[in-house]
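Architecture and fold: a report
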Amino acid sequence: MRRILLLPLLAAFACQQPAPLDKCITPRPQQVETLGGVLNLERPLHLATEVPEAEAAMLAGYLTATDLPLADPLSADDRARLPELRLAYSDDASLPVSEEGYRLTVSRRGVEILSRGDAGLFYGLQTLLQLHDHYGQALPCVRITDAPRFPYRGLHLDVSRHFFDKEFVKKQLRMMARLKLNRFHWHLTDGAGWRIEIDRYPLLTEVAAWRHGSTWQAWRDGGYRYARHDDPEATGGYYTKAEIREVVALADSLHITVIPEIEMPAHSEEVLAVYPALSCSGRPYTTGDFCIGNEATFEFLENVLTEVMELFPSKWIHIGGDEASKTGWTSCPKCRERMRHEGLTTVDQLQSYAIHRISDFLAQHGRRLIGWDEILDGGLAPDAVVMSWRGEEGGRKAAAAGHDVVMTPGSHCYFDGYQDNPTTEPQAFSGYLPLRKVYAYDPAPETMPGHERIQGVQANLWTEYIPTPQQAEYMLYPRLFALAEVAWSDPARMDYTDFHRRALDLTARARRAGYNAFDLTNEQGERLESLGEVDHLARGCRVDYATPWSDRYPAAGVATLTDGIRGSWSYNTRWQGFLESDVEVTIDLGQNRELHEVTADFIQWFSAWVWLPKQVEIALSDDGREFRTIATLRNDYPEHAERPEFRAFGWQGADRGRYVRYRAIHNGRPGGWLFTDEIIVR
Ligand code: ACM
Ligand code: ZN
């Protein structure tokens, strides 16, 4: 090990250093010691790597594409004159244990990055690049000792619902590397399109990769039809094997493992459209579930996985496993025979049988199965890794039972949700997930049994409502900055106000670098009504429900509609839900009052099947028995409108009464919801 001599004198200046240095680095590093003084980069750094040649070439190639000033190859004399950028392995006891950890020292004489492994050297460089972004030619002298909280720091991209080409994927990999993210989960197959060339099954890319209808709505409205690749109306695409190799090679150079996902036993409509013999019915367009009773299904899946494993060196192979309908299995003679033969009594067990078989197959090839948390249903395969998406429950259960888990709950990790006011943002899919909420996520609190089995966390980008690369970047950034810090940094050192400042800076930089990030400077934030409480005549008054609320969305129960607290942009926060039912409630104001206003808000949220009421009727009474209607309000917001809408239905005038009856009439859609938060009386 070499020098970086720190004169004792320098320490005296440490307390004079003005800016908290670590506050320009994202994800925030573990430990930062300010050393005082500045390294002047007006003279370029000369790169001195003490690592194997191939790795050295990779690092040099990487750095050449950055704007860090680096000297061209030099004579020994020149080298001696220039400050050095030294990258070297070290197993010094003071270094972080993780091979992804590093120590970066900037002194007046140069820069040194030490690590136990290549990834750590690379991450030390990322930190150096961020310092350079921030401080330009005058790098403050500093020692940063850093390591990740989690070994798995992931981004998922759904390329089935919409296809994104290899250049787009490579661009996102480069940003991932800047953020010290290290797993790219490539959702390559789903009902909306097969995206990977498989030599043995050409119909997957001649037909199943193409469809009629480029947007989700157009495809849905056209009846979810596939098309031949040479059909002039066809849209879609797939990656050739050469393209996949190119992406995997780039990822490897960025210390990112690419985990391919091949969906099974469900989400496979596109496969079964072209190879219908693998479904229970034997007919195309009948289901997305493979027939588990048919040996040909396993032959197909194993052949596909064999070609997949040739392309992807990743130890973990994702096999989906989510959302099987399982309905065809109960009546299919082959599936029933399989169940009888294997002594299985439920369709969950039948799915588990399939997952076990695939897990064994992967294990025979030195790989390990990872799947969505449904792989727990019916019994988890012994060495399988669980990716928890239906909340955290599945992940917690699996972790407590000793399984490795990646957390990616919809509540905090589904970046297809709105990041800002859903009534003005471009159409998105699920709920409201602002930057602040991503940042607040803790995947493995220490109080959680099995927390040490949580391998990490991942952001998921499902793309039903993301038809363009620009929109994909808009949904990813800046939220991916927050996820990266959740994945890397020590929660004790995380602070949203500080992060937000850095996120503004990173967002501006990303936009300058050509990423279409959401403009954080214009964030509107949470629904204003939900931020304070509202005082009104009915506040605290008793409410009688003629129609019950649903147990799934009780909000604060019987107090909800008169507690002064209003709902947020999330329909599952402080909104009371009524399933396939009107809302009919009567409020007792305690005494006869003079009244000027009665109003309540409702939501339309198409993708959650939440609707504005068809009509609202407001009535008053003096005795609670005889009511007279004072307002009948019809809804004029179109039922087919997919953009979320928050609307008040209210009466204003002059009248008197003690009892207020508020009746909101459901639009009659099967499975439809009404959501309301407060009935305001003035
Ligand atoms: C999923 O969102 N179906 C994993
Ligand atoms: Zn079957």
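Now for a look at the structure at hand. No experiment lies behind these values; they were computed from the predicted model shown.

What to know about the overall build of the protein chain
Each helix and strand counted, the protein chain has 19 helices and 25 strands in total. On C-alpha atoms alone, the protein chain measures out to a radius of gyration of 29 Å, which is about the 26 Å that the 2.2 N^0.38 rule sets for 682 residues. Its C-alpha atoms give the protein chain principal-axis dimensions of roughly 100 × 70 × 50 Å. Expressed as a percentage of the 682 residues in the protein chain, the buried residues total 57%. Contacts in the protein chain between residues at least 24 apart in sequence constitute 74% of all its contacts with a sequence separation of at least 6. Surface accessibility of the protein chain: about 27,100 Å² in total, with carbon and sulfur atoms responsible for 50%. When the 73 positive and 96 negative side-chain charges of the protein chain are each reduced to one mean point, those points stand 2 Å apart.

As for the packing of helix α5 (residues 166-178) against helix α17 (residues 469-476)
For the pair α5 and α17, the least separation of the axes is 11 Å and the interaxial angle reads 20 degrees. By the angle class used here, α5 and α17 are roughly parallel. Taken as a pair, α5 and α17 cross one another with a handedness that is right-handed. Contacts between α5 and α17 pair F168, K171 and Q172 from the former with P469, A472, E473 and L476 from the latter. A per-class count over the contact of α5 with α17 returns four nonpolar, one polar and two charged.

Some points on unusual backbone geometry
With omega at -10 degrees, the peptide bond leading from M264 into P265 counts as cis. Among the secondary structure elements, P265 is positioned in the loop between β13 (257-264) and α9 (269-274). Y477 connects to P478 through a cis peptide bond whose omega is 15 degrees. Note that P478 resides in the loop between α17 and α18 (479-488). The phi angle at K326 is positive, at roughly 65 degrees, despite the residue not being glycine. Within the secondary structure, K326 is located in the loop between β14 (316-320) and α11 (327-331). For K326, a relative accessible area of 11% corresponds to the buried category.

Some thoughts on the coordination of the zinc ion (ligand 2)
Those protein atoms acting as donors to the zinc ion (ligand 2) are C280 (SG), C291 (SG), C332 (SG) and C335 (SG), and they sit at 2.3 Å. In this structure, the zinc ion (ligand 2) is coordinated by four donor atoms arranged in tetrahedral fashion, with angles at the metal of 105 to 115 degrees. Classification of C332 by relative accessible area gives buried; the value is 6%.

Some words on the packing of aromatic side chains
Counted according to the given criterion, the structure contains 46 aromatic pairs. Ring geometry for Y152 versus W316: centroids 5.7 Å apart, planes at 25 degrees, classification stacked. In this pair, Y152 sits in strand β7 (residues 152-158) while W316 sits in strand β14, placing the two residues 164 residues apart along the sequence. Judged by relative accessible area, which is 13%, W316 ranks as buried. On the basis of an interplanar angle of 70 degrees and a centroid distance of 5.8 Å, the ring pair of F606 and W609 is categorised as edge-to-face. You can call F606 buried: its relative accessible area is 14%. Clustering of aromatic rings is evident, with ring pairs tying together Y418, Y553, W569, Y571, W575, W605, F646, W673 and F675. When the ring centre of Y285 is taken as reference, the NZ or CZ atom of R225 above it lies at 3.8 Å. The lysine or arginine in question, R661, covers the ring of F627, its NZ or CZ lying 4.6 Å from the ring centre.

Conventions and cut-offs
Residues numbered from 1 in each chain as written. Chains lettered and ligands numbered in written order. Predicted model: local features only at pLDDT ≥ 70, side-chain atom pairs only at ≥ 80, totals over all residues. Heavy atoms only, no water. Helix = DSSP H or I, 4+ residues; strand = E, 2+ residues; numbered from the N terminus. Rg over C-alpha atoms; globule rule 2.2 N^0.38 Å. Buried < 20%, exposed > 50% of the residue type's maximum accessible area, 1.4 Å probe, protein only. Contact = heavy atoms within 4.5 Å. Areas by Shrake-Rupley, 256 points an atom, 1.4 Å probe, with all protein chains shown as cover. Lys, Arg positive; Asp, Glu negative; His and termini not counted. Charge placed at Lys NZ, Arg CZ, Asp CG, Glu CD. Axes fitted to C-alpha atoms, helices over the stretch in contact; angles between N-to-C directions. Parallel < 35°, antiparallel > 145°, perpendicular 65-115°, else oblique. Left-handed = near helix turned anticlockwise from the far one by under 90°. Nonpolar A, V, L, I, M, F, W, Y, C, P; charged D, E, K, R; others polar. Donors = N, O, S within 2.8 Å, 3.2 Å for Na, K, Ca; no water. Tetrahedral: all angles 85-135°; square planar, octahedral: opposite > 155°, others 65-115°. Phe/Tyr/Trp six-rings, centres within 6.5 Å; stacked < 30°, edge-to-face > 60°. Lys NZ or Arg CZ within 6 Å of the ring centre and 35° of its normal.

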